[in-house]
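Secondary and tertiary structure notes
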Number of protein chains: 2
Amino acid sequence: MSRLGEYPARNGPPPERATTADVRAANLGVVLRHVRGAAPCSRADIVASTGLNKATVSSLVTELIRRGLLRETTSVGGRIGRPVTMLVPDGQVYATVGIAVGADQLTAVAVDLSGVVLLSWRRSFAEYAQSTGRAVAVITALAQRVASAVGNRGRQVLGLTVGVPGLIDPDGTILRSPGLGWHDIDLRGRLETALRKPGYPITVENEANLAVLAEQRYGPYAEVANLVYLTGGTGIDASVVVDGRPLRGSRGYGPQIAHLPLTEDGPDCECGRRGCLEAVAGVPALIRRALPVANEDLSRADLLPYAQEILRRAEAKDVATLDALDETGRWLGGGVSLLAHLADPELIIMGGHFAPLTPWLSPAIQTGLAESAGPVPVGGCRIAPATLGTESAALGAAARVFDHLESGRLPA
Amino acid sequence: MSRLGEYPARNGPPPERATTADVRAANLGVVLRHVRGAAPCSRADIVASTGLNKATVSSLVTELIRRGLLRETTSVGGRIGRPVTMLVPDGQVYATVGIAVGADQLTAVAVDLSGVVLLSWRRSFAEYAQSTGRAVAVITALAQRVASAVGNRGRQVLGLTVGVPGLIDPDGTILRSPGLGWHDIDLRGRLETALRKPGYPITVENEANLAVLAEQRYGPYAEVANLVYLTGGTGIDASVVVDGRPLRGSRGYGPQIAHLPLTEDGPDCECGRRGCLEAVAGVPALIRRALPVANEDLSRADLLPYAQEILRRAEAKDVATLDALDETGRWLGGGVSLLAHLADPELIIMGGHFAPLTPWLSPAIQTGLAESAGPVPVGGCRIAPATLGTESAALGAAARVFDHLESGRLPA
């Protein structure tokens, strides 16, 4: 008999505490999340769905109403002669703000707790992105105008989340954003200073993770626990969702897929190597294949008109365009297969400019996936367009604030 | 104002229940885990570390002692004149059994709750692996002999976990195990029938996930939340640990890394393509580079003597051997970089026959990683050998049973 004692046994993850206060906070979040998903619903529905006992649910609901997070509505129950008081999220007290930063524009939304979009604004940004000082000033001014508009409608801002393309560390520092030309910028810290510690939490997160959150929350993909979301802008970013949560890695900034090596003799990539996924399958590579743009610099251009022209030609069954989409789709399939070998997603969501082109890209992506599959093929991996258009990252940013709420971190 | 109502808002993951019974079961697990990691420890230590209150800890400890999971020891406190009753896991009542199935041999271990290895057996298996009927019979007979030996030492079997190389679905069906030549075998179901529903749970899991659990539990890597474990046998399997948990994907069987495409003109792979990771960087590929084995079939051979010969030559600084290790390490680095782009591990653990060769492989792996890195390089990713040798998967299998216990699923 030997004892497994050569290496000291470790604790593993720290033991989870389950104090009474923690359980109550968690259960407040559970009730909030349940009502958001099932509203309108009764206290009895909550009891049935959460397994919490009746007295606990009653006490939790009372607290949530008092805090302005839930409200009662007139009965809508179908039972004759038995009016039932139903609960819905209270949209009158709080709102959350999401801002998505793109190379060409800023998108801002404010959403109340009942899911009403209070405002959705855009403003041009291309002329400010080059200078981070001016960029921070413009984002700050937009956040202040949104907060003020939200205040004018009688709502208190619960939190601000800013979505940015690129590698963002968990503290909200932008390590590298090729699309914006930024690196090593403590955006969260600078916004907090510029907004003079506004009393609500500010977070900065990768736009792909926020876009996928929006698709899960407001789109048709809530039930899909394992998926890949591909952004299609100047670069290619991905959110890889595993068991419902985005893969973040040891440094917290998520997958880097733009420079996965796909072919040894592909075109030059901005990173200095050849044949990276972005160089062979990005939206600019597609545009170069499909349209006569040999002399144009696409790295800071607004790609929307080009993408619209490709869509028009594809709909007109232009052969050269269909070939360009097919070739691009195959490379995308080869790149996605690398993700599929590891994370085996059920679904690939095509975001950005890829979204409207999905019907033409999808068959070639499936071919590329099959060509690169391992011995156990990627089975039934669906490919579908993103559904929320250019607002998705901003909506996801606003939704991220609710996530904090529903994990039990309520406003003070 | 628009309402986000085109798509119905979904519930997201089902709300977590936090009933009194659930909280108690979870807390029993928390106390068990704490004592395993910190034994010997006092009730006061548990109160301090878990945040549970004194009366709750007292009641939980009483139940765990009554159930034979913890026991009290004589005081070992250093305080003069103040004997303190300490708690340790009770090794007298229960044991867990792990069996690792390899192409050439079976390894079985039984471990009690105090971390004592009650037995560690091996038996040859190469002649049985070809026929799944005989293979199941041999594994069953081994499990019965181990259970009987455990019983003779007065312990009750808490559970049996069987580790197998290849793709295993969450129900314990082996989808494909190239090393064993098995596919679509409901190993868990067949063992349960052959063992006549033995009254303890049987699980079947990928050997790489179990080996990494053993390294986390009994090796020096408990604190590393994001790591990759590479097996080095006839094939290459990986366990990719993200936030402390192995990546499993939508179908639950984890990453397939053996056939990641690394080069367009590499050697033929058994999968029918060329240049897969396994074909350029597997242990057989290394052996073919380093030793004169051109005519030998390595697919069912015991690779240990070859690996030992390579180790001997490397230690003797044989130039051809060092070149073979360098080339293999570069390909391994290229393959691992694909994992690193996605999961950004802090650590790569080299298992199987790779383990003793790590000092020679590691510099070339780092070079391969750097060559394939994205614009934000893989920072400080360590490469280290597995520490538990050929028993690792079986030890991990036995440890998996404790995991169930410590998540609150106690024996009836």
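Residues numbered from 1 in each chain as written. Chains lettered and ligands numbered in written order. Predicted model: local features only at pLDDT ≥ 70, side-chain atom pairs only at ≥ 80, totals over all residues. Heavy atoms only, no water.

1. What to know about the overall build of chain A
Assigned secondary structure in chain A consists of 13 helices and 16 strands. The C-alpha atoms of chain A give a radius of gyration of 24 Å, which matches the 22 Å a tight globule of 412 residues would have. Referenced to the eigenvectors of the C-alpha coordinate spread, the extents of chain A come out at roughly 70 × 70 × 55 Å. The 412 residues of chain A split such that 55% are buried. Contacts in chain A between residues at least 24 apart in sequence constitute 62% of all its contacts with a sequence separation of at least 6. (Helix = DSSP H or I, 4+ residues; strand = E, 2+ residues; numbered from the N terminus. Rg over C-alpha atoms; globule rule 2.2 N^0.38 Å. Buried < 20%, exposed > 50% of the residue type's maximum accessible area, 1.4 Å probe, protein only. Contact = heavy atoms within 4.5 Å.)

2. Observations regarding the domain arrangement of chain A
Residue and element names in this part refer to chain A. Looking at chain A, the domain boundaries give domain 1 (20–89), domain 2 (94–212 + 393–406) and domain 3 (220–387). For domain 1 versus domain 2, the distance between C-alpha centres works out to 31 Å. The interface is formed by nine residues belonging to domain 1 together with five residues belonging to domain 2. Interface of domain 1 and domain 2: buried area, both sides summed, is about 620 Å²; carbon and sulfur atoms make up 58% of it. (Domains from an automatic or database assignment. Buried area = accessible area lost by both parts, 1.4 Å probe.)

3. Looking at the packing of helix α2 (residues 43–50) of chain A against helix α3 (residues 54–66) of chain A
Residues and elements named next belong to chain A. Running from amino to carboxyl end, α2 crosses α3 at an angle of 120°, the nearest separation of the two axes being 10 Å. In terms of orientation, α2 and α3 fall into the oblique class. The two elements α2 and α3 cross, and the hand of that crossing is right-handed. Residue-level contacts link R43, I46, V47 and T50 of α2 to K54, V57, V61 and I65 of α3. Grouping the amino acids of the contact of α2 with α3 by side-chain chemistry returns five nonpolar, one polar and two charged. (Axes fitted to C-alpha atoms, helices over the stretch in contact; angles between N-to-C directions. Parallel < 35°, antiparallel > 145°, perpendicular 65-115°, else oblique. Left-handed = near helix turned anticlockwise from the far one by under 90°. Nonpolar A, V, L, I, M, F, W, Y, C, P; charged D, E, K, R; others polar.)

4. Re the sheet that holds strand β8 (residues 167–168) of chain A
All names here are of chain A. With antiparallel pairing, the three strands of this open sheet are ordered in space as β8-β9-β10. Two strands bound the open sheet, and with one partner strand each, they are β8 and β10 (182–186). The strands that helix α6 (residues 187–194) touches are β9 (173–177) and β10; relative to β10, the one it contacts most, it runs at about 50°. (Pairing = 2+ DSSP bridges.)

5. Side note on helix α10 (residues 304–315) of chain A
All names here are of chain A. In this model α10 runs 16 Å from its N-terminal to its C-terminal C-alpha over twelve residues, within 8% of the 16 Å that 1.5 Å per residue would give. For α10, the set of buried residues is Y306, A307, I310 and A314. Viewed along the axis of α10, the buried residues span an arc of 100°, placing them on a single side of the element. Buried residues along α10 sit in contact with α9 (283–290), α11 (319–343) and α12 (358–372). (Expected span 1.5 Å × (residues − 1). Arc of directions from axis to C-beta.)

6. Observations regarding unusual backbone geometry
Residue and element names in this part refer to chain A. Cis geometry is found at the peptide bond from A39 to P40, where omega equals -5°. Looking at where P40 falls in the secondary structure, it is placed in the loop between α1 (20–38) and α2. With a phi close to 45°, D344 is a non-glycine residue in the positive phi region. The residue D344 is located in the loop between α11 and β15 (347–350) in this model. On the accessibility criterion, D344 (3% relative accessible area) is buried.

7. Some details on the packing of helix α1 (residues 20–38) of chain B against helix α2 (residues 43–50) of chain B
Residue and element names in this part refer to chain B. It is at 11 Å that the axes of α1 and α2 come closest, and there the two elements cross at 110°. Classified by the interaxial angle, the pair formed by α1 and α2 is roughly perpendicular. Helix-helix and strand crossings are classified by hand; for α1 and α2 the assignment is right-handed. In this structure, α1 contributes V30, V31, H34 and V35 to the contact, and α2 contributes D45, I46, S49 and T50.

8. A short note on the pattern of salt bridges
Once the charged atoms of two side chains with opposite charge are near each other, the side chains can pair. The full count for this structure, using the stated rule, is 34 salt bridges over all chains. D326 of chain A is the salt-bridge partner of R330 of chain A, the closest N and O atoms lying 3.8 Å from each other. One end of the pair is R330 of chain A and the other is D326 of chain A, both in helix α11 and four residues apart, which spans about a single turn. In this structure R330 of chain A comes out as partly exposed when scored by relative accessible area, which is 35%. Looking at D326 of chain A, the relative accessible area reads 34%, which means it is partly exposed. For R217 of chain B, the salt bridge goes to D403 of chain B, with nearest N and O atoms at 2.5 Å. On the criterion of sequence distance, the pair formed by R217 of chain B in helix α7 (residues 207–218) and D403 of chain B in helix α13 (residues 392–406) is long-range, its members being 186 residues apart. (Salt bridge = Lys/Arg side-chain N within 4 Å of Asp/Glu carboxyl O.)

9. A word on the sheet that holds strand β16 (residues 382–385) of chain A
Residue and element names in this part refer to chain A. The mixed open sheet is built from five strands, whose spatial order is β14-β13-β12-β15-β16. What marks the edges here is a single partner per strand, and that holds for β14 (245–246) and β16. Taken together, the four bridges between strand β12 (residues 227–230) and strand β13 (residues 238–242) define a ladder with antiparallel strand orientation. Directly across from L230, in β13, lies its bridge partner A238. Of the strands in this sheet, β15 and β16 are in contact with α12, which crosses β16 at around 155°.

10. Describing the packing of aromatic side chains
All names here are of chain A. Under the counting rule described, the total for this entry stands at two aromatic pairs over all chains. Aromatic side chains F125 and W182 sit 6.5 Å apart centroid to centroid with 75° between the ring planes, which places their arrangement in the edge-to-face category. Linking F125 in the loop between β6 (116–124) and α4 (126–129) with W182 in strand β10, this pair joins segments that are 57 residues apart in sequence. You'll find F125 and W182 in the same group, each marked buried. (Phe/Tyr/Trp six-rings, centres within 6.5 Å; stacked < 30°, edge-to-face > 60°.)

11. Re the confidence of the model for chain A
Residue and element names in this part refer to chain A. Of the residues in chain A, 92% have a pLDDT of 70 or more, and the chain-wide mean is 86. Per-element confidence in chain A is highest for α6, whose mean pLDDT is 96, and lowest for strand β1 (residues 2–3), whose mean pLDDT is 50. Residue range residues 5–16 is modelled with pLDDT below 50. Its contacts to residues more than four positions away, or to other chains, number 24 contacts. (pLDDT = per-residue confidence, 0-100.)

12. Section: the side chain of T358 of chain A
With respect to the element layout, T358 of chain A can be found in helix α12. Setting aside its immediate chain neighbours within four residues, T358 of chain A contacts M350, I383, A384 and P385 of chain A.

13. Details of the pairing of strand β12 (residues 227–230) of chain B
Residue and element names in this part refer to chain B. Burial along β12 is two-sided: L227 and Y229 and V228 and L230, pointing in opposite directions, are all buried. In this sheet, strand β15 (residues 347–350) lies alongside β12 in parallel orientation, the contact comprising four bridges. Considered in β15, the bridge of L227 is made with L347.

14. A short note on the environment of G282 of chain B
All names here are of chain B. With respect to the element layout, G282 can be found in the loop between α8 (277–281) and α9 (283–290). In the structure, G282 is positioned 71 residues away from H353 in sequence and 9.9 Å away in space, judged by C-alpha atoms. Leaving out residues up to four positions away in the same chain, G282 has contacts with I236, L277 and F354.

15. Focus: the side chain of N209 of chain A
Residue and element names in this part refer to chain A. Inspection of the secondary structure puts N209 in helix α7 (residues 207–218). Look at N209 and you get buried, because its relative accessible area is 5%. Sequence-distant contacts of N209, defined by excluding residues within four places in its chain, comprise S239, P246, R248 and R400.

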